[in-house]
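Architecture at a glance
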Amino acid sequence: MQPRIKGFDYQSVTVADGVTLTAAVGGSGPPIVLLHGFPQTHLMWRHVAADLAADHTVICPDLRGYGDSDKPVDDDGTAYAKRTMAADVVALAGALGHGRFALAGHDRGALVAFRAGLDHPEAISQLALLDVVPTLDTWDVLHGVSAAVAFHLYLMAQPPGLPEELIGASPDAFFGHFLDVWTRDPDALPGEVRAAYLRASRNAVTPIVADYRASAGIDVAHDTADRAAGNLLRMPVTVLQQDWGAALGYDAAGVWRAWAPNLEHQTVNCGHFMAEEAPAVVVRALRDLLLR
């Protein structure tokens, strides 16, 4: 049995034709939705969610293609577009009675949250984005040998077939690599949790690859169109990042400010999985954001 967030109820909610998301829901008060990253599930929010549930309704779904949520076939390249996944999140919150809510995302979930903020500004009151660069800018900041840190982006950008075959041949080695090298504090991912992430990921190779492939295609097209149209994130935005600007040689805060004029940008001193390695830092940033 998969580990669960203690004290939360689990619900399966239909968000699109033939697509149901599984979400952990707890607490009461103003709503906040928390979106997980790769290669994880909603469980990554267990510490942060428990704290916020003291005075908020906290909703932690598995994204489509991940965990216990449905994994639709990507027939036309749109099933895992961040626009599609963002619409899932808005539909989920609406089905649970929340037409407007705060939204936080980590890694892949942050890209979904970013798209939700652009496509559904009427629904998103505040937006938090953890350890990610906007899709369009990601491809611009990766160059030379420093791009090796993101080899998986290039692998999963390839046409259907080869990435799925290579990753599927040794999924625990592939997904486990990221759980290991992106973590500064191994104790932040206890054995039971790590095993749950590996189990969920090995059962979702095809949709995970489709999610990443979209970010080398349709997601770039959507971001490009928004940039050309001058569309911005108008709500209060908080970004927490490792010092990727120094590592890759770009102005991290400047990249985000171009999208989010009402920005609070913070550099954190922990590994990628900050909601598990430094939950107090994340909680404090989210609580500050919720007051803006």
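Residues numbered from 1 in each chain as written. Predicted model: local features only at pLDDT ≥ 70, side-chain atom pairs only at ≥ 80, totals over all residues. Heavy atoms only, no water.

Topic: the overall build of the protein
When its secondary structure is counted, the protein shows 14 helices and 8 strands. Computed over the C-alpha atoms, the radius of gyration of the protein is 17 Å, within 12% of the 19 Å expected from 2.2 N^0.38 for a compact globule of 292 residues. When the backbone C-alpha atoms are referred to their principal axes, the protein occupies close to 45 × 45 × 40 Å. Out of the 292 residues in the protein, the part that is buried amounts to 59%. Within the protein, counting contacts between residues at least 6 apart in sequence, those at least 24 apart form 75% of the total. Accessible area for the protein stands at about 11,400 Å²; split by element, carbon and sulfur atoms hold 54% of it. The protein carries 21 positive and 34 negative side-chain charges, and their two centres are separated by 3 Å. (Helix = DSSP H or I, 4+ residues; strand = E, 2+ residues; numbered from the N terminus. Rg over C-alpha atoms; globule rule 2.2 N^0.38 Å. Buried < 20%, exposed > 50% of the residue type's maximum accessible area, 1.4 Å probe, protein only. Contact = heavy atoms within 4.5 Å. Areas by Shrake-Rupley, 256 points an atom, 1.4 Å probe, with all protein chains shown as cover. Lys, Arg positive; Asp, Glu negative; His and termini not counted. Charge placed at Lys NZ, Arg CZ, Asp CG, Glu CD.)

Examining helix α10 (residues 218–229)
With 12 residues, α10 should reach 16 Å at 1.5 Å per residue; the first-to-last C-alpha distance of 17 Å fits that figure. For α10, every residue scored as buried is listed here: Asp219, Val220, His222, Asp223 and Asp226. Projected down its long axis, α10 shows its buried positions confined to an angular sector of 160 degrees, all on one face. Along α10, exposed side chains directed more than 90 degrees from the buried face belong to Ala228 and Ala229. Of the surrounding elements, those touching the buried residues of α10 are α2 (82–95), α3 (108–119), α4 (135–141) and α9 (205–214). Positive backbone phi, at 75 degrees, marks Gly230, one or two positions downstream of α10. (Expected span 1.5 Å × (residues − 1). Arc of directions from axis to C-beta.)

Observations concerning the environment of Ala102
Inspection of the secondary structure assignment puts Ala102 in strand β5 (residues 101–106). On a C-alpha basis, the gap between Ala102 and Val283 in space is 13 Å, while along the polypeptide they are 181 residues apart. Apart from residues no more than four positions distant in its own chain, Ala102 is found in contact with Pro31, Ile32, Val33, Ser125, Gln126 and Leu290.

Section: unusual backbone geometry
Residues Phe38 and Pro39 are joined by a peptide bond in cis, for which omega reads -10 degrees. With respect to the helices, strands and loops of the structure, Pro39 is situated in the loop between β3 (31–35) and α1 (46–52). For Asp107, which is not glycine, the phi torsion reads 60 degrees and is therefore positive. Residue position: Asp107 is located in the loop between β5 and α3. Residues other than glycine seldom take positive phi values, yet Asp131 does so here, at roughly 55 degrees. Structurally, Asp131 is set in the loop between β6 (124–130) and α4.

Thoughts on the confidence of the model for the protein
Counting all residues, the mean pLDDT for the protein is 97, and 100% of those residues have values of 70 or more. Taken element by element, the predicted model of the protein shows its lowest mean pLDDT in helix α11 (residues 244–248) (83) and its highest in β3 (99). (pLDDT = per-residue confidence, 0-100.)

Overview of the packing of aromatic side chains
In total, this model carries 12 aromatic pairs according to the counting rule given. Aromatic pair Phe38 and Trp182: ring centres 6.1 Å apart, planes at 65 degrees, arrangement edge-to-face. Here Phe38, found in the loop between β3 and α1, pairs with Trp182, found in the loop between α7 (171–181) and α8 (191–202); they are 144 residues apart in sequence, far enough to count as distant. Between Trp139 and Tyr154, the aromatic rings sit 5.3 Å apart at their centres with planes inclined by 85 degrees, giving edge-to-face as the arrangement. Here Trp139, found in helix α4, pairs with Tyr154, found in helix α5 (residues 151–156); they are 15 residues apart in sequence, far enough to count as distant. (Phe/Tyr/Trp six-rings, centres within 6.5 Å; stacked < 30°, edge-to-face > 60°.)

Some remarks on the sheet that holds strand β8 (residues 263–267)
The 8 strands lie next to each other as β1-β2-β4-β3-β5-β6-β7-β8, forming an open sheet whose pairing is mixed. Either end of the sheet is taken by a strand with one partner, and the two such strands are β1 (9–16) and β8. On average, adjacent strands in this sheet sit at an angle of 20 degrees to one another, irrespective of strand direction. In the sheet, β6 pairs with strand β7 (residues 237–241) via 4 bridges, with the strands oriented parallel. Within β7, the position partnered with Leu129 by the bridge is Val239. The strands that α3 touches are β3, β5 and β6; relative to β6, the one it contacts most, it runs at about 150 degrees. (Pairing = 2+ DSSP bridges. Axes fitted to C-alpha atoms, helices over the stretch in contact; angles between N-to-C directions.)

Notes on the environment of Gln241
Here Gln241 shows up in strand β7. Residues Gln241 and Phe273, 32 residues apart in the sequence, show an inter-C-alpha distance of 10 Å. The contact partners of Gln241, leaving out residues within four places of it in the chain, are Asp131, Val132, Val133, Tyr250, Ala252, Trp256, His265, Gln266, Thr267, Val268 and Met274. Only 2.7 Å separates the side chain of Gln241 from the side chain of His265, close enough to count as a polar contact. (Polar contact = N/O pair within 3.5 Å; in protein donor to acceptor, adjacent residues only side chain to side chain.)

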